[in-house]
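# Chains, contacts and geometry: an overview
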Amino acid sequence: MVNIEIDGKQLEVTEGAMVIEAADDADIYIPRFCYHKKLSIAANCRMCLIDVEKVGKALPACATPVTDGMKISTRSEKAIEAQKSVMEFLLINHPLDCPICDQGGECELQDIAMGYGGDVSIYSEQKRVVENKDFGPLISGDMTRCIHCTRCVRFGEEVAGIKELGATGRGEHMEIGTYVQLSLNSEMSGNVIDLCPVGALTAKPSRFTARAWEMVQHESIAPHDCMGSNILLHTFRNQVVRVVPKENEEINETWLADRDRFSYEGLNSDERLTVPMVKTDGQWQEVDWDTALQKAVGGISKLLSEQGGEQLGAIASPNMTIEELFLLQKMMRSVGSGNIDHRIGQIDFTDQDDEPVFPWLGQSIVDLENNDAVLLVGCNARHDQPIAGHRIRKAELAGARIMAVNPVDYDFNFSLAAKKIASPAKLLQELGGILKALAATSNVTLPLST
Ligand code: SF4
Ligand code: FES
């Protein structure tokens, strides 16, 4: 630990930490664009310039490690002057199109410009214009607004594990793009929308739907990635119009899989059943909830009185919430039925007595990235559970050996130390072989011979 001072506040911080991290931990605000706590340090925007005692020029807080006795000012005349100068440079080319930009009202550049931007610019030259890019159906690319912070590029390289975005050209000719006009294919691609500090990368499906201040935010849990990622639903006139991640270090960190970010569109599908329907004379008729519930109560009561509760069964979706499942079992048990199941995709129940009542991973999601070795069986973690896949990738980057027994030679975003590709019918046999080899090397006698 080292002792430093920021804006007169005495702090004890971890040696080697960057000034911006120490300031964030102490709730001292330093403006920034390229810095993001989950990405490597690029130090290319210079918005975080600070004044360090006995140092002639202003230094970037995101790339300056703390040293014992350091005295830093984020608000001195020198620091503010440096920050304002950077803002002026950024605004030379950034289009002032906030009224028609989808990011307006929740734009980091707009916010910081309020504090550090001038109302008059000395630059009268024409602004740079960059052709818009087509990144596919999910992400809109208005690249004239790009400030070259490279957060999106670093996300691809460091988190998604696919180098899809990159910078070409230099200086004023630098452009962010996919090199060869491709759409973004990562299953976590939508995260670049949150990372982009300006309106260069915005969500295509929710574009021009509502302004940030018109939406109402609701906390929720992602229904599609099987991980319980924390999300925020944004509603406009009682309709979900956007989904963004809610930070939870134990589960999804700051990320969200595309399926959970964009699947809300299904809620608004015309083909979705949104009102109860009852079949009358062979035809489905829309009815109100009271009528539908009375009909259900009538049918269940008739069955109960004629055949008893044992003849009644309920199959619940495993996607239901614990509260919903609890209420369902309570209702079923109160009418004398224990026939409740959630295994809607299972057809063979012969070994159900040996199965755990509550199957789980066996370790926390965070611990996935601390494993020394991971064996993937019949799964493409990157596509099946992108958030778990991300943790496994982190483990591999930290030196873990990832192995797979799969029916398909999947294209993972991490490298495999070993793999066995076999037809689905042979998977069990392959696993038996691995078990046998493991038992032999660890001198364990298996209960059954294979
Ligand atoms: S597109 Fe956005 S995130 Fe990417 S470099 Fe430009 S400003 Fe940064
Ligand atoms: S945030 Fe430090 S240089 Fe960009």
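Since this is a predicted model, take the numbers as computed values, not measurements.

A separate point is the side chain of His 94. Structurally, the position occupied by His 94 is in the loop between α2 (77–93) and α3 (108–116). From its side chain, His 94 meets the backbone oxygen of Arg 145 in a polar contact 3.0 Å long. With sequence-adjacent residues up to four places away left out, His 94 is seen in contact with Leu 109, Lys 127, Arg 145, Ile 147 and Val 198.

Residues in a regular strand project their side chains so that they alternate between the two faces of the sheet. As judged from the four bridges shared by strand β14 (residues 277–280) and strand β15 (residues 283–286), these two strands associate in the antiparallel manner. Among the inter-strand pairings, Val 278 is bridged to a residue of β15, identified as Gln 285. Where β14 folds back on β15, the antiparallel hairpin that results is connected by two residues, among which Asp 281 adopts a positive phi of roughly 50 degrees.

With that settled, the discussion passes to the pairing of strand β3 (residues 49–52). The alternating pattern of β3 places Leu 49 and Asp 51 on one face and Ile 50 and Val 52 on the opposite face, and all of these are buried. Between β3 and strand β4 (residues 59–60), which pair antiparallel in sequence order, lie six residues; one of them, Lys 54, sits at a positive phi of approximately 70 degrees. For β3 and strand β5 (residues 71–73), the ladder comprises two bridges, and the chain directions are antiparallel. Across the sheet, Asp 51 pairs through a bridge with Ser 73, a residue of β5.

This part takes up helix α7 (residues 289–307). An ideal rise of 1.5 Å per residue puts 27 Å on 19 residues; α7 measures up with 27 Å between its terminal C-alpha atoms. Put simply, Asp 288 is the residue that caps the front of α7, since its side-chain oxygen is 3.3 Å from the backbone nitrogen of Asp 290. Looking one or two residues beyond α7, the residue adopting positive phi is Gly 308, at roughly 85 degrees.

You can see Ile 193 is positioned in helix α5 (residues 191–195). The class for Ile 193 is buried, based on a relative accessible area of 10%. Along the primary structure Ile 193 and Ala 314 are separated by 121 residues, whereas in three dimensions their C-alpha atoms are 41 Å apart. Sequence-distant contacts of Ile 193, that is, excluding residues within four places in its chain, are made with Leu 138, Ile 139, Leu 201, Thr 202, Ala 203 and Phe 262.

Right, let's talk about the layout of surface pockets for a bit. For the largest pocket, the calculated volume is near 2,100 Å³. Lining the largest pocket are 47 residues, with Cys 226, Pro 318, His 342, Phe 358 and Pro 359 positioned closest to its centre. Going through the elements one at a time, α8 (322–334), β17 (340–341), β18 (373–377) and α10 (386–397) are the ones with two or more residues in the lining of the largest pocket. Per element, the largest residue contribution to the lining of the largest pocket is six residues, and it comes from α8. Each residue belonging to the lining of the largest pocket can be placed in one class, and the counts come to 30 nonpolar, 11 polar and six charged. Counting the residues that make up the lining of the largest pocket, at least three belong to each of domain 2 (129–268) and domain 3 (366–441). The volume enclosed by the second largest pocket comes to roughly 880 Å³.

Attention now moves to the packing of helix α4 (residues 151–160) against α10. Viewed as axis vectors pointing N to C, α4 and α10 meet at an angle of 80 degrees, and their least axial separation amounts to 10 Å. As the angle between them shows, α4 and α10 are arranged roughly perpendicular. For the pair α4 and α10, the contacting residues are Glu 157, Glu 158 and Val 159 in the first and His 390, Arg 393 and Leu 397 in the second. Looking at the contact of α4 with α10 residue by residue, the classes come out as two nonpolar, one polar and three charged.

Quick look at the sheet that holds strand β1 (residues 2–6) now. Taken in spatial order, the five strands line up as β2-β1-β5-β3-β4 in an open sheet, and their pairing is mixed. The open sheet terminates on both sides in strands that have one partner only, identified here as β2 (9–13) and β4. Two strands pair when backbone bridges link them, and β1 and β2 are joined in this way by five bridges, in the antiparallel orientation. Considered in β2, the bridge of Ile 4 is made with Leu 11.

Here we come to the site of ligand 1. Around ligand 1, a shell composed of 13 residues is seen, among which Cys 146, Cys 149, Thr 150, Cys 152 and Cys 196 lie nearest. In terms of residue class, the shell around ligand 1 is built from 11 nonpolar, two polar and no charged.

Among the nonpolar cores identified, the biggest contains 49 residues, and Phe 33 and Phe 155 are the most heavily contacted of them. Of all elements in the fold, only α2, α3, α4, α5, β10 (201–203) and α10 reach the threshold of two or more residues within this core. Listed in part, the 25 residues of the second largest apolar core include Met 18, Ala 23, Tyr 35 and Ala 61.

Further remarks concern the pattern of salt bridges. According to the stated counting rule, one finds 23 salt bridges in the structure shown. Residues Glu 247 and Lys 37 are paired through a salt bridge, measuring 2.6 Å at the closest nitrogen-oxygen approach. Of the two residues, Glu 247 is situated in the loop between β13 (239–245) and α6 (258–262) and Lys 37 in the loop between α1 (19–25) and β3; the sequence distance between them amounts to 210 residues. On the basis of relative accessible area, Lys 37 is assigned to the exposed category, the value being 51%. Arg 151 is the partner of Glu 108 in a salt bridge, and the nearest nitrogen-oxygen pair spans 3.3 Å. Of this pair, Glu 108 sits in helix α3 while Arg 151 is found in helix α4, placing the two residues 43 residues apart along the sequence.

This part is about the packing of aromatic side chains. One pair of aromatic rings is described through two measures. These are the centre distance and the angle between the planes. Summed over all chains, the structure comprises three aromatic pairs. An angle of 80 degrees between the planes, with centres 6.2 Å apart, marks the rings of Tyr 410 and Phe 412 as edge-to-face. Judged by its relative accessible area of 26%, Tyr 410 falls in the partly exposed class. Cluster of aromatic residues (ring-pair linked, three or more members): Tyr 410, Phe 412 and Phe 414.

Domain assignment breaks the protein chain into domain 1 (2–91), domain 2 (129–268) and domain 3 (366–441). Centre-to-centre, using C-alpha coordinates, domain 1 lies 28 Å away from domain 2. Across the contact, 13 residues belong to domain 1 and 16 residues belong to domain 2. Summed over both partners, the interface of domain 1 with domain 2 buries about 1,200 Å², with 54% contributed by carbon and sulfur atoms. Linking domain 1 with domain 2 are three salt bridges, by the criterion used here. Note that Glu 253 is salt-bridged to Lys 38, the shortest N-O span being 3.1 Å.

Conventions we followed
Per-chain numbering applies: the sequence of each chain, read as written, is numbered from 1 onward. Each chain gets a letter, beginning with A, and each ligand a number, beginning with 1, in the order they are written. Confidence filtering applies because this is a predicted model: local features only for residues at pLDDT of at least 70, side-chain atom pairs given and counted only at 80 or more, and all residues used for totals across whole chains, interfaces and linings. In computing side-chain properties, one takes all heavy atoms of the structure into account and sets aside hydrogens as well as water. For the purposes of this entry, the term helix denotes a DSSP run of H or I that reaches at least four residues, the term strand denotes a run of E that reaches at least two, and both are numbered from the N terminus. Distance and chemistry together define a polar contact, namely a pair of N or O atoms within 3.5 Å, with one atom able to donate a hydrogen and the other to accept it when in protein, and with adjacent residues in sequence counting only for side-chain atoms on both sides. We call two residues contacting when some pair of their heavy atoms lies within 4.5 Å. Following DSSP output, two strands are said to pair if at least two bridges run between them. Each residue's exposure class comes from its accessible area (1.4 Å probe, protein chains only) as a fraction of the maximum for that residue type: buried when under 20%, exposed when over 50%, partly exposed otherwise. In this scheme, a helix's expected span is set at 1.5 Å multiplied by one less than its residue total. Grid points spaced at 1 Å and placed over the protein atoms alone form the basis of the search, with a cavity being a set where a 1.4 Å probe fits but cannot get out and a pocket an open set showing protein on both sides within 12 Å along at least five of seven lines. Lining residues have an atom within 4 Å of a point. Grid points are joined across faces, edges and corners, and a volume is the space filled by probe spheres set on the points. In the scheme used here, Gly and all other residues not listed as nonpolar or charged are polar, with Ala, Val, Leu, Ile, Met, Phe, Trp, Tyr, Cys and Pro taken as nonpolar and Asp, Glu, Lys and Arg as charged. The start and end points of each domain follow an automatic or database-based domain assignment. Axes here refer to lines fitted to C-alpha atoms; in helices the fit is confined to the stretch in contact. Angles between the N-to-C directions go from 0 to 180 degrees. Each angle gets one of four labels, with under 35 degrees taken as roughly parallel, over 145 as roughly antiparallel, 65 to 115 as roughly perpendicular, and the rest as oblique. Whether a residue is near a molecule or strand depends on its heavy atoms: it is near if one of them lies within 4 Å of it. Nine residue types can take part in a nonpolar core, namely buried Ala, Val, Leu, Ile, Met, Phe, Trp, Tyr and Cys, and a core is a set of them joined through side-chain atoms within 4.5 Å. We count a salt bridge whenever a side-chain nitrogen from Lys or Arg sits within 4 Å of a carboxyl oxygen from Asp or Glu. Each Phe, Tyr or Trp ring, with Trp reduced to its six-membered ring, pairs with another whose centre is within 6.5 Å; inter-plane angles below 30 degrees give stacked pairs, above 60 give edge-to-face pairs, and intermediate values give tilted ones. Once two parts are put together, the accessible area they lose, assessed with a 1.4 Å probe and summed over both, is termed the buried area.

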